[in-house]
Structures are given as structure tokens and as C-alpha cells.
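# Close look at the chain arrangement
Residue-level listing of the chains:
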Amino acid sequence: MVGDTPASYRRPVAVRHCGWCGARLPDDGRVGRPRRYCAQACRQRAYERRAAVQRGGLPEDAVVLSSTELADLQDRLFQLRCAAEDVVTAVHDGAAVGELSSLAGDIAQAARQLERLR
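Scope of this entry: the structure provided in the associated data block. (Residues numbered from 1 in each chain as written. Predicted model: local features only at pLDDT ≥ 70, side-chain atom pairs only at ≥ 80, totals over all residues. Heavy atoms only, no water.)

### Some remarks on the overall build of the protein
We count it as follows: Each helix is a run of DSSP H or I of at least 4 residues and each strand a run of E of at least 2, with the numbering of both proceeding from the N terminus. Exposure is judged per residue with a 1.4 Å probe applied to protein chains only, and the accessible area is read against the type maximum: over 50% gives exposed, under 20% gives buried, and values in between give partly exposed. Between two residues, a contact is recorded if the distance between any of their heavy atoms is within 4.5 Å.
When helices and strands are tallied, the protein shows three helices and zero strands. Walking the protein from its N terminus toward its C terminus, one meets helices and strands in the order α-α-α. Within the span of the protein, comprising 118 residues, buried residues form 14% of the whole. A fraction of 30% describes how many contacts in the protein between residues 6 or more apart in sequence connect residues 24 or more apart.

So, in C-alpha cells, the structure goes:
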């Protein structure tokens, strides 16, 4: 068993996400450079964005959102704030643990929606 390493000695595999859409990338165990995109379409969109940023003279790390994407992001931020305010109100009103648990679930769901930028 020279080449075998026990599971306790292996480095944990970091969860990786697509550089464009944020989808979780599969851990396919391939050798070589790790994947950055989940599909060719995401790779193409990322290339188009990089090219547009270069043409526009923006810095490489600039984030460009359309007005629709910005409005969607603002809506999701508003939903998260409202969910947090609901918890604060429920605490002040002496809400039961079950109700607070449900409201905390709403916050978690709103936060998950915020993680999705595109």
C-alpha cells in the first residue's frame, strides 16, 4: 500500500464554483489545471465580459452590471433587510422559538438568493 493514503491524511477538497454563473463545479478528480467554468457558454460569457472591460478602459477587477441586474440585486437586498427587520420585531414582541426559527429560515433563504449575482 505504498501509493495509498488514508482518508485522514488527504487534504480536504475545496468547493469550487463557476467563475461566471456561480454554479458548483464537480470534483471530477482530473489531473491538470482545475476548471474555472461549468460550461462552454459560461466560459464564453466571461471572455466577452473581459473583452468589453478592456475596450471600455475599466480596471480588470471591475464589476459590470446591467440596469436589470442592478435592480434585481437591489430587490434581493431589500428582501434580506425586511427579513432581518421581521426578526427584530418578533424578538421585541416576545415571539415563540418556532416563529423565530421560521423567520431565521427566511433570512437564510434571502441570503442564499443574494449569493447568486447573475
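Here the narrative resumes, following the displayed structure.
### Things to note about the nonpolar core
As a rule of thumb, soluble globular proteins bury nonpolar side chains together. Inclusion rule: Residues enter a nonpolar core if they are buried and are Ala, Val, Leu, Ile, Met, Phe, Trp, Tyr or Cys, with the set joined through side-chain atoms within 4.5 Å.
Counting five residues, the largest nonpolar core is built from Cys-18, Leu-25, Tyr-37, Cys-42 and Ala-46. Discounting residues that sit within four places of it in the chain, Ala-46 has contacts with Trp-20 and Tyr-37.

### Brief notes about the pattern of salt bridges
Applied cut-off: The salt bridge criterion pairs a side-chain nitrogen of Lys or Arg with a carboxyl oxygen of Asp or Glu, the two atoms within 4 Å.
A complete count under the given rule lists three salt bridges for this structure. Among the salt bridges present, the one from Glu-85 reaches Arg-81, with a minimum N-O distance of 2.7 Å. With Glu-85 and Arg-81 both in helix 2 (residues 67-92) and four residues apart, this pair spans about one turn of that helix. The class for Glu-85 is partly exposed, based on a relative accessible area of 39%. By relative accessible area, Arg-81 is classed as partly exposed at 42%.

### A few points about a positive patch on the surface
Cut-off, in case you're wondering: Think of a patch as exposed residues, more than 30% relative accessible area, with no salt bridge, where like charges cluster within 9 Å and nonpolar side chains (Val, Leu, Ile, Met, Phe, Trp, Tyr) cluster within 5 Å. Each accessible area value is a Shrake-Rupley result obtained with a 1.4 Å probe; residue values ignore everything except the protein chains displayed when judging cover. His residues and chain termini do not enter the charge count, which takes Lys and Arg as positive and Asp and Glu as negative. We put the charge of a Lys on NZ, of an Arg on CZ, of an Asp on CG and of a Glu on CD.
Among the surface-exposed residues, Arg-16, Arg-33, Arg-36 and Arg-43 lie close enough to one another that they form a single positively charged patch. Following the sequence through the fold, Arg-36 ends up in the segment before helix 1 (40-56).

### Considerations on a nonpolar patch on the surface
A surface patch of nonpolar side chains, about 260 Å² in accessible area, is lined by Val-63, Leu-65 and Leu-70. Turning to its location among the elements, Val-63 is positioned in the loop between helix 1 and helix 2. Val-63 sits in the exposed class, given a relative accessible area of 66%.

### Points about helix 2
Here is the rule: To estimate how far a helix should reach, multiply one less than its number of residues by 1.5 Å.
Between its first and last C-alpha, helix 2 extends 37 Å over 26 residues, near the 38 Å set by a 1.5 Å rise per residue. Against helix 3 (97-115) lie the buried residues of helix 2. Among the residues trailing helix 2, Gly-94 stands out with phi positive, at a value near 75 degrees.

### Some remarks on the packing of helix 2 against helix 3
Each pair of packed helices can be described by the angle between their axes along with the distance between the axes. As a reminder of what qualifies: Between the N-to-C directions of two axes lies an angle of 0 to 180 degrees, each axis being a line fitted to C-alpha atoms and, for a helix, fitted only over the stretch in contact. An angle below 35 degrees is treated as roughly parallel, one above 145 as roughly antiparallel, one from 65 to 115 as roughly perpendicular, and anything else as oblique. Should the near helix be turned anticlockwise from the far one by less than a right angle, the crossing is termed left-handed; should it be turned clockwise, right-handed. Residue classes follow a fixed rule: Ala, Val, Leu, Ile, Met, Phe, Trp, Tyr, Cys and Pro count as nonpolar, while Asp, Glu, Lys and Arg count as charged, and any other residue, Gly among them, counts as polar.
Interhelical geometry of helix 2 versus helix 3 gives an angle of 165 degrees and a closest axis separation of 9 Å. Taken as axis vectors, helix 2 and helix 3 run roughly antiparallel relative to one another. You can see that helix 2 and helix 3 cross each other, and the crossing is left-handed. Contacts between helix 2 and helix 3 involve Leu-73, Arg-76, Leu-77, Gln-79, Leu-80, Ala-83, Ala-84, Asp-86, Val-87, Ala-90 and Val-91 from the first element and Glu-99, Leu-100, Leu-103, Ala-104, Asp-106, Ile-107, Ala-110, Ala-111, Gln-113 and Leu-114 from the second. Residues that form the contact of helix 2 with helix 3 fall into these classes: 15 nonpolar, two polar and four charged.

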